[in-house]
Amino acid sequence: MPEYTTLSRTTGATVLTLVAMACAAGLADALRRRRGRMRERTRERLEAAPRHTPHGTPVIPRQQRTGPPVESVRLTPAERDAFAVLVRRLSEGN
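First things first, this report covers the structure right here in the doc. All of these numbers come straight from a predicted model, not from anything done at the bench.

About the thresholds
- Along every chain, residues carry numbers that run from 1 in the direction the sequence is written.
- Confidence filtering applies because this is a predicted model: local features only for residues at pLDDT of at least 70, side-chain atom pairs given and counted only at 80 or more, and all residues used for totals across whole chains, interfaces and linings.
- The side-chain values count all of the structure's non-hydrogen atoms but skip hydrogen atoms and water molecules.
- Each helix corresponds to a stretch of at least 4 residues labelled H or I by DSSP, and each strand to a stretch of at least 2 residues labelled E; elements are numbered beginning at the N terminus.
- Buried means the residue's accessible area, taken with a 1.4 Å probe over protein chains only, is under 20% of the maximum for its type, while exposed means over 50%, and partly exposed covers the values in between.
- Each accessible area value is a Shrake-Rupley result obtained with a 1.4 Å probe; residue values ignore everything except the protein chains displayed when judging cover.
- Criterion for a salt bridge: a side-chain nitrogen of Lys or Arg within 4 Å of a carboxyl oxygen of Asp or Glu.
- A helix is expected to reach a length of 1.5 Å times the quantity of its residues less one.
- Patch rule: a residue counts if its relative accessible area is over 30% and it has no salt bridge; like charges are joined within 9 Å, and nonpolar side chains (Val, Leu, Ile, Met, Phe, Trp, Tyr) within 5 Å.
- Charge counting follows a simple rule: Lys and Arg are positive, Asp and Glu are negative, and His as well as the terminal groups are ignored.
- We put the charge of a Lys on NZ, of an Arg on CZ, of an Asp on CG and of a Glu on CD.

As for the overall build of the protein chain
Step number 1: Helix and strand counts for the protein chain stand at two helices and zero strands.
Step number 2: Scored against the burial criterion, the 94 residues of the protein chain give a buried share of 1%.
Step number 3: When the accessible surface of the protein chain is summed, it comes to about 9700 Å², and 60% of that surface belongs to carbon and sulfur atoms.

A closer look at the pattern of salt bridges
Step number 1: Enumeration over the complete set of coordinates arrives at two salt bridges.
Step number 2: With a closest N to O distance of 3.3 Å, Asp29 and Arg32 form a salt bridge. A residue pair is termed a helical-turn pair when its members lie 3 or 4 positions apart in one helix, as Asp29 and Arg32 do in helix 1 (residues 3–48) at three residues.
Step number 3: Salt-bridge contacts for Arg33 lead to Asp29; the nearest nitrogen and oxygen are separated by 3.3 Å. Highlighted residues: Arg33 and Asp29, both in helix 1, separated by four residues, approximately one helical turn.
Step number 4: We classify Asp29 as partly exposed; its relative accessible area is 29%.

Concerning helix 2 (residues 77–92)
Step number 1: Given a rise of 1.5 Å per residue, 16 residues ought to cover 22 Å, and the 23 Å separating the end C-alpha atoms of helix 2 matches this to within 8%.
Step number 2: In the stretch just after helix 2, Gly93 is the one whose phi turns positive, near 95 degrees.

Brief notes about a positive patch on the surface
Step number 1: Taken together, Arg34, Arg37, Arg41 and Arg45 make up a surface patch of like positive charges.
Step number 2: As for its placement among the helices and strands, Arg41 is situated in helix 1.

In structure tokens form, the structure reads like this:
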């Protein structure tokens, strides 16, 4: 094979490789810039959107108690026994 044919093939392959690398680098840069713009747009959209409250945090403040205070009555031992008998009868179905 003549020397000029080998030299032109090597030069052509080298130029083609360099062009392919330049195109890949340019494409990577363009994609990186696009991704950065997309992140900025997403950040702007999130800042403009109303905030979501996580589950468990009340959105409406708790209501104040306005009714009468809770009443309690102390029972004597005899009344407690009578109440226990009543509950037992009701649970048995009598």
